[in-house]
Amino acid sequence: MSAEKMLAVSPAPHINAQADTAFYMKRVCLALLPAQIWAVYIFGSRALAASAVSVISCVGFEWIFRRMLGRPQTVGDWSAVVTGLILAMSLPAGLPVYMIVTGAFAAIVVTKQLFGGIGQNFANPALVGRTVLFFSFQNEMQRFIVTPRMSQIMINAAGGPGVMLSADAVSGATPLVLFSNARTLPSNTEMFLGLINGSMGEISALALLIGGIYLCARKIISPVIPLSYTLTVMAVALFWGFDPVFHLCAGGVMLAAFFMATDYTTSPMLRSGKLIYGIGCGLLTMYFRVYTSFPEGISTAMLFMNALTPQIDRLTVRIRLKRLAKRRDV
Amino acid sequence: MLLSSAKKGIYLKSHKATRQMSVMPLTLPAEVRIPMTHGRAASCRPLVKAGDKVGVGQLIGEAEGPFAVPVHSSVSGTVTGIEELPSRLGMNDLHVVIKTDGRQSSAEDLRPPVIGSREEFLRAVRDSGLVGLGGEGFPTALKLDSAGQAIDSLLLNGAECEPFVTSDHRNMVAYARELVQGAAALMRYLSIRETLIGVQADKQDALDLIAAQCEGMDSINAAPLSRIFPAGEETLLIRELRGTELPLGGRPADKNILVLNVSTVIKLEQYLVTGMPLVSRTVTVDGDVIARPMNVEVPIGTAMGEVLRFCGADEGSLRKLIAGGPMTGTALPDTGFYTTKTDNALICFSAYRAERDRETACINCGRCIDSCPEGLLPGLLFKAWRERDEKALRDGLLSACSGCGCCSYVCPARKQISFELGLAKQFLMKKESENAEGGSDER
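This write-up is about the structure you can find in this document. Here the structure is a predicted model, which is why all the values come from computation and not from measurement.

## Concerning the environment of Ile115 of chain B
Residue and element names in this part refer to chain B.
Link 1 in the chain: On the secondary structure map, Ile115 appears in the loop between strand E8 (92-100) and helix H1 (118-127).
Link 2 in the chain: Sequence spacing of Ile115 and Gly275 is 160 residues, and the spatial spacing of their C-alpha atoms is 12 Å.
Link 3 in the chain: Residue contacts for Ile115: discarding those within four places in its chain leaves Glu120, Phe121, Ala124, Tyr189 and Leu272.

Below, the structure written as structure tokens:
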């Protein structure tokens with residue numbers, strides 16, 4: 001036997017799907033690309049710079065933290081890149097660098113790594129990062145820059161040159177702020193295409209939809225959460241006599257539906273749970289929008305549902321196993 | 001549909017390069033070492049000694065007890081000794097060493113069995129030396145016997161859902177008649193009313209040939225199976241062909257069903273007609289280090305190295321040798337083993353395919369849940385096992401896990417879920433027997 005070469009021995013199965021964690025995370029990055037490109041088109045190079053800062057600081061914090069604790073390095077799984085991109089998409093383009101870094105710290109170190117790293121976080125890191133920033137820097141988080149391209153869009157929307165804002169960094173109001181103040185709203189087409197102001201990755205529902213459909217088609221995410229979330233938002237809007245398309249395209253609903261609420265770790269694992277979760281997110285989002293003057297409806301709604309996820313899982317798993325046992329009994 | 005877990009099992013790239021190739025006989029080896037243990041059968045006592053002359057099909061290993069299955073010589077020649085060599089299970093096993101004389105003359109006393117009753121039929125099945133040839137390796141006579149008298153439906157498993165493997169497929173194509181005749185014999189002697197031959201839909205040629213043989217027989221039919229892995233797993237096969245659920249931890253016999261592999265039935269029919277017991281079997285040899293992938297008819301007890309060389313294996317770059325298919329087969333530590341009755345395939349991978357990535361953290365993606373053909377929650381069971389949480393393992397219906405490997409296959413964190421769930425099953429069984437011994441009625 002000694003003449004024989006020793007071979008690799010491992011338990012079955014001896015083949016596996018090619019997709020690993022990094023594979024899925026890279027696909028999510030790819031799906032965010034349309035929104036990123038649109039952000040650069042509207043807000044210029046500072047949108048690119050803000051995303052770069054966010055991604056680099058997220059990956060950097062993850063790398064430093066794992067190294068400091070002597071844990072296996074996990075930056076290779078691309079999850080920090082995803083967090084960085086989603087965080088950037090949910091921020092105004094002109095946010096100062098140190099604030100973005102603060103958000104990244106809250107996302108990666110506080111929310112993710114202090115709880116054990118990927119798969120262990122109780123809430124979506126990017127969501128917490130954005131929420132922390134919102135409560136820390138309320139003014140800056142609501143100051144949306146008006147770039148030359150943005151002013152051009154606004155001129156066109158107004159039907160001709162009016163009192164125009166020439167300089168950068170003059171704040172423009174988002175549709176939701178206009179909605180709260182009962183002002184004239186942009187048209188649904190403008191909202192859908194992204195010819196509006198807002199957080200840099202949230203303005204174009206179309207760009208987010210392209211990425212979201214890609215993720216569903218490639219089976220990276222299940223369509224249950226995005227569908228139940230968006231349909232609930234529209235249904236509630238309709239019920240209260242608002243324009244459902246406006247509420248679907250305004251603010252971060254599309255970003256949240258496809259990229260935040262579908263986060264594997266913080267959403268339920270069974271289809272039935274996902275349905276409950278999506279409907280819950282939709283109901284809470286609309287509740288906060290209609291009944292509070294508070295502009296962070298989506299973040300709050302989703303953090304609430306993140307916290308409920310273990311309970312939803314427990315309930316749906318119990319039902320599933322009970323049914324299975326019944327089906328397989330003599 | 002949104003609510004039900006519609007998709008069960010997984011779709012695998014089939015890699016069946018040998019699907020169109022007829023079975024080639026192996027060049028007769030100069031020497032065979034025939035193991036006395038095959039599959040899950042108990043070990044046999046060698047009946048021959050050095051110097052004895054043997055013919056093909058001669059009884060050389062006597063079965064003692066119901067769990068053993070007799071072993072026959074696969075060659076004609078001279079016994080040169082009895083050696084203790086490592087077996088698949090990591091233990092040693094007796095091997096009868098026979099130097100071949102090249103004539104392959106049959107043993108003198110071979111004649112078809114005379115069968116008049118159920119008992120004589122079971123006796124004949126036992127004498128044929130058959131174990132489940134699909135890789136399961138359970139003694140066929142014992143399976144038929146323990147199924148009892150109430151069996152009314154026979155399911156023949158021709159799913160062959162493992163990638164690469166085509167030995168059942170080629171046997172069905174070459175011996176469709178024997179397959180249907182064998183089914184008829186089983187039905188006659190075991191008073192079974194109907195037979196369904198399940199074949200995965202990608203093997204249309206086999207389905208057509210079997211259907212042609214079934215013509216005029218109302219009670220034997222061929223049925224296409226879905227393309228998923230593991231369509232041939234017992235609970236899935238029964239679900240798909242009979243539309244009924246096996247009880248948890250139950251056997252097909254609980255539903256009056258008997259499941260047999262198609263190649264087993266073909267070999268049984270050949271024994272009933274010719275009296276030649278199981279002395280060789282079809283082995284699919286494939287993988288990225290095999291120059292000429294093919295199906296080979298291999299005498300039981302042939303050195304694996306010999307089979308691999310016959311198919312042009314590049315032994316220098318061989319890094320993994322799998323006895324059986326890549327989803328459920330066993331990786332062998334070296335090529336120094338001898339073929340048994342259960343080796344339906346030898347799959348050879350180079351380093352490129354042999355290496356596995358390091359395990360990373362579970363991201364809760366739920367793919368294991370979507371893939372589980374039993375509808376279990378493998379990720380949760382896995383966590384419960386790592387925490388040695390007995391209650392969670394039981395509540396999670398661990399006993400329903402068939403170890404098919406779908407969850408390990410899809411896991412992006414590269415966790416060996418199904419393997420560890422196998423360990424968890426042993427853990428639970430041990431705990432249960434401890435509780436029983438302690439006389440406690442704690443559940």
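## Here we look at the pattern of salt bridges
All names here are of chain B.
Link 1 in the chain: Summed over all chains, the structure comprises 27 salt bridges over all chains.
Link 2 in the chain: Here Asp127 ties to Arg123 by a salt bridge, and the two come within 3.3 Å at their closest N and O atoms. Of the two residues, Asp127 and Arg123 both sit in helix H1, 4 residues apart, roughly one turn of that helix.
Link 3 in the chain: Accessibility expressed as a relative area gives 27% for Asp127, which makes it partly exposed.
Link 4 in the chain: Put simply, Asp395 and Lys391 hold a salt bridge, and the shortest N to O gap is 2.6 Å. Linking Asp395 with Lys391, this pair stays in helix H12 (residues 390-395), spanning 4 residues, or about one helical turn.

## Considering the interface of chain B and chain A
Bring the parts together and some accessible area is lost; that lost area is often taken as the interface size.
Link 1 in the chain: At the junction of the two partners, chain B supplies 68 residues and chain A supplies 46 residues.
Link 2 in the chain: For the pair chain B and chain A, the two sides together bury roughly 4,900 Å², of which 56% comes from carbon and sulfur.
Link 3 in the chain: Where chain B meets chain A, there are 3 salt bridges.
Link 4 in the chain: For Glu245 of chain B, the salt bridge identified is with Arg327 of chain A, shortest N-O distance 3.0 Å.
Link 5 in the chain: Where chain B meets chain A, there are 22 residue pairs in polar contact (both at pLDDT 80 or more).
Link 6 in the chain: Taken together, the residues that form the side of chain B that touches chain A break down as 34 nonpolar, 19 polar and 15 charged.

## Quick look at the sheet that holds strand E6 (residues 71-72) of chain B
Residues and elements named next belong to chain B.
Link 1 in the chain: Taking strand neighbours across the sheet as the criterion, the 3 strands line up as E3-E5-E6 in an open arrangement whose pairing is antiparallel. Where the open sheet ends on each side, the last strands, each with one partner, are strand E3 (45-46) and E6.
Link 2 in the chain: Note that strand E5 (residues 59-62) and E6 share 2 bridges and pair antiparallel. From the neighbouring strand, Leu59 faces E6, where its bridge partner is His72.

Quick notes on the rules
- Residues numbered from 1 in each chain as written.
- Chains lettered and ligands numbered in written order.
- Predicted model: local features only at pLDDT ≥ 70, side-chain atom pairs only at ≥ 80, totals over all residues.
- Heavy atoms only, no water.
- Helix = DSSP H or I, 4+ residues; strand = E, 2+ residues; numbered from the N terminus.
- Contact = heavy atoms within 4.5 Å.
- Salt bridge = Lys/Arg side-chain N within 4 Å of Asp/Glu carboxyl O.
- Buried < 20%, exposed > 50% of the residue type's maximum accessible area, 1.4 Å probe, protein only.
- Buried area = accessible area lost by both parts, 1.4 Å probe.
- Polar contact = N/O pair within 3.5 Å; in protein donor to acceptor, adjacent residues only side chain to side chain.
- Nonpolar A, V, L, I, M, F, W, Y, C, P; charged D, E, K, R; others polar.
- Pairing = 2+ DSSP bridges.

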